[in-house]
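Topology and contacts: notes
Chain by chain, the residues run as shown.
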Protein chains: 2
Amino acid sequence: MVITIGREFGSGGRELGRLLAEELGIEYYDKEIITEIAKRTALSEQYVKQVVEKNPHELFPISVAHTFSYIDTQSLQLTRMIFMEQERVLKQMAQASDCVIVGRCADYILQDFKPFKIFVYADMDSKVERCLKRNEKADNLPRKKLIRKIKAVDKNRARYYNYYTGKKWGDILNYDICINTSNADLKAIVPHLAKMVKE
Amino acid sequence: MVITIGREFGSGGRELGRLLAEELGIEYYDKEIITEIAKRTALSEQYVKQVVEKNPHELFPISVAHTFSYIDTQSLQLTRMIFMEQERVLKQMAQASDCVIVGRCADYILQDFKPFKIFVYADMDSKVERCLKRNEKADNLPRKKLIRKIKAVDKNRARYYNYYTGKKWGDILNYDICINTSNADLKAIVPHLAKMVKE
């Protein structure tokens, strides 16, 4: 059983994924994926993270002319290596045991495993509130700037997903179920969601 | 408890609604709404159905000039009466007892009741298959024409919803949960869904 979770920033997708993995007694992978890629490629976690969260158009410029310097060619090779490793890591994780995987286009990369695909989203107010509560990327930002940050993270996620999968991030047809967490009590709904996934 | 269901044509939204109402032991309203409006307005069910499924722009033309004939004015009045009655019927149904209501912009009309809002969808292949199975609107149509019909029904639903609610039909933010029925066993998942709704 492989469960993939796509999520809007601040929607609680990671929390839902972690709870779901606990409920089902299966593995949970999120930041572990970056750590594993870093280990295998002997690159720093920070570098790997930066690459996989970058705008893909920056990574693979269409105009080859720009990449003709030695440095650019080298960084392009590193980027390609990281993406190949990401695919390998995800497939090995899915093969090794039942698991929940958050982000990383896992729904697309692992399509042969016929994963159960979840998308987690929420309205802006509740995303802002969640960010402020956990203080992630909030850093005492005024509300307006925080909203801009939330939108920017999701814009990058969408670009990344659309580029690598050829599909549209957040398009309901890519997922088996989409859950609005704005008014949801995650701890209360996860046991029932777990049973739905098993059907 | 009020549960509203928006659905793509052929996605099994009505079946899911009926099963959910059975599971929860509450009322289920779908075609009954049309019947009730017809009874109250002393119009035929067919006429009411035709009005509420029409392109809203035809119903309330922006250019008043076109409606200056006696017949147009009269039909406009009937249309308004039907819509007012629809709102009244839905609110009375929701007030009378817990219920599941399919379609009719119920999520919007009944927003004061804080309904649990479900959207049901599926990929085109499984919608075609479901239509052929139940033979509704399929009528031995070739596949291509059937797809065109399915799209046309949904286009009208979207227009109707967008016009009356000012929101976008199928936009995930309008719903608490969106369920892809393409690979789902409705009978198996409904008991778990029912528990999720109760949380």
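This structure is a prediction, so every number in the text was calculated from the model and none was measured.

A separate point is the overall build of chain A. Scanning chain A for helices and strands turns up nine helices and five strands. What you see in chain A, going N to C, is helices and strands ordered as β-α-β-α-α-α-α-β-α-β-α-α-β-α. Here chain A, with 199 residues, has 50% of them falling under the buried criterion. Restricting the contact set of chain A to residue pairs at least 6 apart, pairs at least 24 apart contribute 70%. Carbon together with sulfur atoms contributes 50% to the accessible area of chain A, which is approximately 10,400 Å² in total.

The next subject is helix α9 (residues 186-198) of chain A. Count 3.6 residues to each turn of an α-helix, and residues three or four apart come out pointing the same way. If you check α9 of chain A, its first and last C-alpha atoms are 18 Å apart, about what 13 residues at 1.5 Å a residue would give, namely 18 Å. Maximum bend of α9 of chain A: about 25 degrees, positioned at H192 of chain A. Taken as a whole, α9 of chain A has its buried residues at L186, A188, I189, V190, H192, L193, A194, M196 and V197 of chain A. Summarising the contacts, the buried residues of α9 of chain A are in contact with β1 (2-7), α1 (13-24), β4 (116-121), α7 (124-134) and β5 (177-180) of chain A together with α9 (186-198) of chain B.

Here we come to the packing of aromatic side chains. Residue and element names in this part refer to chain A. Per the counting criterion, the structure on display carries 14 aromatic pairs over all chains. Members of the aromatic cluster, each reached through a chain of ring pairs, are F83, Y160, Y163 and Y164. Here the guanidinium or amino end of R134 rests over the ring plane of F9, the centre of that ring lying 5.2 Å away.

Residue and element names in this part refer to chain B. Evaluation of the coordinates by the stated rule reveals 24 salt bridges over all chains. Here K91 ties to E87 by a salt bridge, and the two come within 3.6 Å at their closest N and O atoms. Of the two residues, K91 and E87 both sit in helix α5 (residues 70-96), four residues apart, roughly one turn of that helix. Judged by relative accessible area, which is 32%, K91 ranks as partly exposed. In this structure, K127 engages D154 in a salt bridge whose closest nitrogen and oxygen atoms are separated by 3.9 Å. Of this pair, K127 sits in helix α7 (residues 124-134) while D154 sits in helix α8 (residues 143-165), placing them 27 residues apart in sequence. Since its relative accessible area comes to 7%, K127 is described here as buried.

Across chain A, the average pLDDT comes to 87, with 88% of residues at or above 70. Among the prediction metrics, the complex's ipTM stands at 0.87, with pTM recorded as 0.88.

Time to look at the interface of chain A and chain B. With 20 residues of chain A at the interface, the matching set in chain B holds 20 residues. Around 1,800 Å² of area is buried between chain A and chain B when both sides are counted, 66% of it from carbon and sulfur atoms. For chain A, the biggest contributors to the area lost against chain B are I172, H192 and M196 of chain A; these three give 32% of the whole. Here chain A is connected to chain B by zero salt bridges. Between chain A and chain B we count eleven residue pairs in polar contact (both at pLDDT 80 or more) in total.

Before going further, it helps to examine the side chain of N180 of chain A. Residue position: N180 of chain A is located in strand β5. A polar side-chain atom of N180 of chain A sits 2.6 Å from a polar atom in the side chain of S182 of chain A. In this view, N180 of chain A contacts Y121, A122 and D123 of chain A together with I172, L173, Y175 and D176 of chain B; residues no more than four positions away in its chain are not counted.

Right, let's talk about the sheet that holds strand β4 (residues 116-121) of chain B for a bit. Taken together, the ten strands give an open sheet; going across it, the order is β2(A)-β3(A)-β1(A)-β4(A)-β5(A)-β5(B)-β4(B)-β1(B)-β3(B)-β2(B), and neighbouring strands pair in mixed fashion. Among the strands making up the open sheet, the edge pair consists of β2 (27-29) of chain A together with β2 (27-29) of chain B. Strand after strand, the sheet turns through a mean of 20 degrees between neighbouring axes, direction not considered. Two elements, β2 of chain B and strand β3 (residues 99-102) of chain B, share three bridges in a ladder whose sense is parallel. Bridging across to β3 of chain B, E27 of chain B finds its partner in C99 of chain B. Where α1 of chain A meets the sheet, it contacts β1, β2, β3 (99-102), β4 and β5 of chain A, and its direction lies at approximately 165 degrees from that of β1 of chain A.

Before going further, it helps to spend a moment on the pairing of β5 of chain A. Residues I177 and I179 of chain A point to one face of β5 of chain A and C178 and N180 of chain A to the other, with burial holding for every one of them. Direction of pairing for β4 of chain A relative to β5 of chain A: parallel, over a ladder of four bridges. Bridge pairing links F119 of chain A to C178 of chain A in β5 of chain A. By the bridge criterion, three bridges tie β5 of chain A to strand β5 (residues 177-180) of chain B in an arrangement that is antiparallel. Counted as the bridge partner of I177 of chain A is I179 of chain B from β5 of chain B.

We now examine the environment of L132 of chain A. As for its placement among the helices and strands, L132 of chain A is situated in helix α7. As a C-alpha pair, L132 of chain A and L146 of chain A span 14 residues in sequence and 9.0 Å in three-dimensional space.

Right, let's get into the relation of the copies chain A and chain B. Rotating chain A by 180 degrees about the axis while translating it 0.0 Å along that axis superimposes it on chain B, leaving an RMSD of 0.0 Å. Those values place the two copies in the arrangement expected of a two-fold rotation axis. The overlap is high: 100% of the interface residues of chain A also sit at the interface in chain B, so the same surface is used on both sides.

Scoring rules and cut-offs
Residues numbered from 1 in each chain as written. Chains lettered and ligands numbered in written order. Predicted model: local features only at pLDDT ≥ 70, side-chain atom pairs only at ≥ 80, totals over all residues. Heavy atoms only, no water. Helix = DSSP H or I, 4+ residues; strand = E, 2+ residues; numbered from the N terminus. Buried < 20%, exposed > 50% of the residue type's maximum accessible area, 1.4 Å probe, protein only. Contact = heavy atoms within 4.5 Å. Areas by Shrake-Rupley, 256 points an atom, 1.4 Å probe, with all protein chains shown as cover. Expected span 1.5 Å × (residues − 1). Bend = angle between axes of the 7 residues up to and from the residue. Phe/Tyr/Trp six-rings, centres within 6.5 Å; stacked < 30°, edge-to-face > 60°. Lys NZ or Arg CZ within 6 Å of the ring centre and 35° of its normal. Salt bridge = Lys/Arg side-chain N within 4 Å of Asp/Glu carboxyl O. pLDDT = per-residue confidence, 0-100. Buried area = accessible area lost by both parts, 1.4 Å probe. Polar contact = N/O pair within 3.5 Å; in protein donor to acceptor, adjacent residues only side chain to side chain. Pairing = 2+ DSSP bridges. Axes fitted to C-alpha atoms, helices over the stretch in contact; angles between N-to-C directions. Least-squares fit on C-alpha atoms with pLDDT ≥ 70 in both.

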